[in-house]
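Structural overview for review
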Amino acid sequence: IISENTYSTSDITKLNLEIDADTVTLISEDRTDFYIQNKELEDLTYKVEKIDDTLSIIQNRDHVNSFFSLNWAKNKVFTKTPLIIKVPSSLELDYSIQINGGIINIDQIKGKNIDLDVNAGTISINELSSSKLSLNLNAGSLELNSIVSSYIDVKVNAGAATLKNVSASTVDIDVSAGACS
């Protein structure tokens, strides 16, 4: 089952994502509201709520007991429809994104402070502008393309980081085990 909903941008200054395992697409679009498309499978759902100035999208935790089954991840998450979040291109938000395992694709986002923490997976960011961009990847691959930010902090424990067309006043990159180009 695919669920599609829109949410008002009124008083929202921050977008918070807490994802256990999924593919996420975050893009900006010429629109006046937030658009969220997600799948609702037997034990994979999302809670979307506005608390003060923050719109939070939180994946349920019911599937955690079976998460270590690769069959669960393959059949229910990565081969199915991604969680799609469309934000108005006119908004500059703070972003707090935490993903335990999965893939995140970010395209054409303007933000203030963007914090992205992925335990294992793939981060792909294309056309992003921000005051501060902080990326922490425990294991996997990271690709940045066409990034403009005052400050960029990238930490990769194990994996690869590729940066193309990156412009920043300060760039801190730490790849513990792997490659950076």
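Residues numbered from 1 in each chain as written. Predicted model: local features only at pLDDT ≥ 70, side-chain atom pairs only at ≥ 80, totals over all residues. Heavy atoms only, no water.

Regarding the pairing of strand 2 (residues 14–29)
- Within strand 2, 13 of the 16 residues are buried, which leaves it mostly tucked inside the rest of the structure.
- As paired strands, strand 2 and strand 5 (residues 54–59) are joined by 5 bridges and run parallel to one another. Each residue of the ladder has a partner; that of Lys-14, found in strand 5, is Thr-54.
- Sheet topology places strand 2 next to strand 7 (residues 93–180); 13 bridges connect them, and they run parallel. Counted as the bridge partner of Ala-21 is Gly-101 from strand 7. (Buried < 20%, exposed > 50% of the residue type's maximum accessible area, 1.4 Å probe, protein only. Helix = DSSP H or I, 4+ residues; strand = E, 2+ residues; numbered from the N terminus. Pairing = 2+ DSSP bridges.)

What about the packing of aromatic side chains?
- Within this structure, the stated rule accounts for 0 aromatic pairs.
- Stacked on the ring of Tyr-35, the Lys or Arg Lys-86 has its end atom at 5.0 Å from the ring centre. (Phe/Tyr/Trp six-rings, centres within 6.5 Å; stacked < 30°, edge-to-face > 60°. Lys NZ or Arg CZ within 6 Å of the ring centre and 35° of its normal.)

Looking at the pattern of salt bridges
- Applying the stated criterion to the full structure yields 5 salt bridges.
- The shortest N-O distance in the salt bridge between Lys-86 and Glu-29 comes to 3.4 Å. Note that Lys-86 is positioned in strand 6 (residues 83–88) and Glu-29 in strand 2, a separation of 57 residues in sequence.
- Residue class for Glu-29 comes out partly exposed when judged on its relative accessible area of 28%.
- The residue Asp-33 makes a salt bridge to Arg-31 at a minimum N-O spacing of 2.9 Å. (Salt bridge = Lys/Arg side-chain N within 4 Å of Asp/Glu carboxyl O.)

A closer look at the side chain of Ser-28
- Tracing the backbone shows Ser-28 in strand 2.
- By relative accessible area, Ser-28 is classed as buried at 13%.
- A polar side-chain atom of Ser-28 sits 2.3 Å from the main-chain carbonyl oxygen of Gln-108.
- For Ser-28, the residues in contact, after removing those within four places along its chain, are Val-87, Ser-89, Asp-107, Gln-108 and Ile-109. (Polar contact = N/O pair within 3.5 Å; in protein donor to acceptor, adjacent residues only side chain to side chain. Contact = heavy atoms within 4.5 Å.)

Section: the confidence of the model for the protein chain
- On average, residues of the protein chain score 87 in pLDDT, and 85% of them are at 70 or above.
- Summarising per-element confidence for the protein chain, the mean pLDDT is lowest in helix 1 (residues 70–78) (49) and highest in strand 7 (95).
- Segment residues 66–72 is flagged for pLDDT under 50; beyond a separation of four residues in sequence, or across chains, it makes 10 contacts in the model. (pLDDT = per-residue confidence, 0-100.)

Quick notes on unusual backbone geometry
- A positive phi angle, near 60°, is found at Gln-108, a position not held by glycine.
- Tracing the sequence through the fold places Gln-108 in strand 7.
- Here Ser-146, not a glycine, exhibits a phi torsion of approximately 60°, which is positive.

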